[in-house]
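Descriptive analysis of the structure
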Amino acid sequence: MKDVIILGKAPSGIVCPFDTGVWGLNDVPSMYPGKHFDKLFAADTLTPSALQVMRASGADIVSIQPYATERFPAEEIRIKFGSTYYMASAAFAVAYAIYHNYEKIRLYGCD
């Protein structure tokens, strides 16, 4: 089963088990030193310090912004789901997971 955790910066993130692949939102690695992140998602422009944290994590940065190391497939997702309206990085990550046929998507820190 394709399983992924999407981890944001809200309080419930503290119970994240890190027991499968973890996709973080924005500069969340700064809150979990030493934890591994497979991908980081960011929908907006970032502060230089947030971008530095994300780059230092070694994870792919998925976004529509120029700083991305992996392009968010906005057009492909629009065609598949009929929408490109996403209000936050968490929505980007969930849409990406569904687009890539993940069967189990667990949200932590997305209160």
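Anything mentioned here points back to the structure above.
Each value, and the rule that gives it
Residues numbered from 1 in each chain as written. Predicted model: local features only at pLDDT ≥ 70, side-chain atom pairs only at ≥ 80, totals over all residues. Heavy atoms only, no water. Salt bridge = Lys/Arg side-chain N within 4 Å of Asp/Glu carboxyl O. Helix = DSSP H or I, 4+ residues; strand = E, 2+ residues; numbered from the N terminus. Buried < 20%, exposed > 50% of the residue type's maximum accessible area, 1.4 Å probe, protein only. Core = buried A, V, L, I, M, F, W, Y, C linked by side-chain atoms within 4.5 Å. Contact = heavy atoms within 4.5 Å. Phe/Tyr/Trp six-rings, centres within 6.5 Å; stacked < 30°, edge-to-face > 60°.

**Structural notes on the pattern of salt bridges**
Evaluation of the coordinates by the stated rule reveals seven salt bridges. We note a salt bridge from R106 to D19, for which the minimum N-O separation is 2.7 Å. With R106 in strand β6 (residues 104–108) and D19 in the loop between β1 (3–7) and β2 (21–25), this residue pair connects regions lying 87 residues apart in the sequence. The residue K39 makes a salt bridge to E70 at a minimum N-O spacing of 2.7 Å. With K39 in strand β3 (residues 39–41) and E70 in strand β5 (residues 70–71), this residue pair connects regions lying 31 residues apart in the sequence. You can call K39 buried: its relative accessible area is 14%.

**Re the nonpolar core**
If you look at the biggest cluster of nonpolar residues, it comprises 16 residues, and the most contacted ones within it are I5, L7, C16, F18, V22, Y32 and F37. Looking at this core, the elements with two or more residues in it are β1 and α1 (48–57). When neighbours within four sequence positions are excluded, Y32 is seen to be in contact with L7, G13, I14, F18 and F37.

**Let's talk about helix α3 (residues 89–99)**
Helical periodicity: at 3.6 residues per turn, an α-helix aligns residues three or four positions apart in one direction. All buried positions along α3 are accounted for by S89, F92, A93, A95, Y96 and A97. Taken from the residues just after α3, N101 is the one with a positive phi, measuring 65 degrees.

**Things to note about the packing of aromatic side chains**
Centre-to-centre distance and the angle between the planes together describe a pair of aromatic rings. Counted according to the given criterion, the structure contains seven aromatic pairs. For the pair F18 and F37, a centre-to-centre distance of 5.9 Å together with 85 degrees between the ring planes defines the contact as edge-to-face. Separated by 19 residues along the polypeptide, F18 in the loop between β1 and β2 and F37 in the loop between β2 and β3 bring together distant segments of the chain. Each member of the pair, F18 as well as F37, is classed as buried. An angle of 70 degrees between the planes, with centres 5.2 Å apart, marks the rings of F41 and Y96 as edge-to-face. With F41 in strand β3 and Y96 in helix α3, this residue pair connects regions lying 55 residues apart in the sequence.

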